[in-house]
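# Secondary and tertiary structure notes
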Amino acid sequence: ALEDLSGVIRTVLVVPWWSGVAQGAIAHAAFWTFGLPLRHVAAVIAAASGVFPICSPKMLALPWALGLVWRGAMVRGVVFFVAFVAAAEHADTAIAARRRLAAVHPYVASSSVALGFVAFGMEGVIFGPMLVAFGVCAYRAAARVIAAEAGVAAAPAD
């Protein structure tokens, strides 16, 4: 039960922020490497889309890549887009593996941060995910108790 709580807390509280930092760093590095303008803005947008997965951070590279192609730097635009997508995909794979360990959907983790902020202010950025983590763990504990009473060998994960 303690390992379950630890995994859920890590997935709900730590992984969204780690995802945002990773995506922001990838965007900043890619934009700096290719000498593209507004790399800080791109990094902030990629970080926000890493924390709140409304759209993929990989889609952020598309307008800049198309801009490079439009200005006649087709090879540079294609190489930029492929490099950015490959790096972001690698980070997404590592992040998805961490999320699967606790079987918490990314939107649950992201919405807990957003709703915690709306409900409790800055403290809610930490408090919201903690409430969600304890709720998920309570649900899983109840599922185990019910499964044990019913004589079922294993309780469902979610």
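Let me sum up the structure you'll find in this document. Quick caveat: nothing in here was measured; it's all calculated off a predicted structure.

Rules used in this analysis
- Residues numbered from 1 in each chain as written.
- Predicted model: local features only at pLDDT ≥ 70, side-chain atom pairs only at ≥ 80, totals over all residues.
- Heavy atoms only, no water.
- Phe/Tyr/Trp six-rings, centres within 6.5 Å; stacked < 30°, edge-to-face > 60°.
- Helix = DSSP H or I, 4+ residues; strand = E, 2+ residues; numbered from the N terminus.
- Buried < 20%, exposed > 50% of the residue type's maximum accessible area, 1.4 Å probe, protein only.
- Arc of directions from axis to C-beta.

### As for the packing of aromatic side chains
Per the counting criterion, the structure on display carries six aromatic pairs. Between Phe-31 and Trp-64, the aromatic rings sit 4.7 Å apart at their centres with planes inclined by 80°, giving edge-to-face as the arrangement. Here Phe-31, found in helix 1 (residues 2–33), pairs with Trp-64, found in helix 3 (residues 61–70); they are 33 residues apart in sequence, far enough to count as distant. Classification of Phe-31 by relative accessible area gives buried; the value is 0%. A residue is classified by how much of its surface remains accessible, and Trp-64, at 18% relative accessible area, is buried. With centroids separated by 6.0 Å and ring planes inclined at 35°, the aromatic side chains of Phe-80 and Phe-84 adopt a geometry described as tilted. You can see Phe-80 and its partner Phe-84 sitting in helix 4 (residues 74–102), four residues apart, about one turn around the helix. Comparing Phe-80 with Phe-84, the two get one shared label, buried.

### Looking at helix 3
Along helix 3, the residues that are buried comprise Ala-61, Trp-64, Ala-65 and Leu-68. Projected down its long axis, helix 3 shows its buried positions confined to an angular sector of 100°, all on one face. Opposite its buried face, helix 3 presents the exposed residues Pro-63, Leu-66 and Trp-70, each directed more than 90 degrees away. Once helix 3 finishes, Gly-72 follows within two positions and takes phi at roughly 100°, a positive value.

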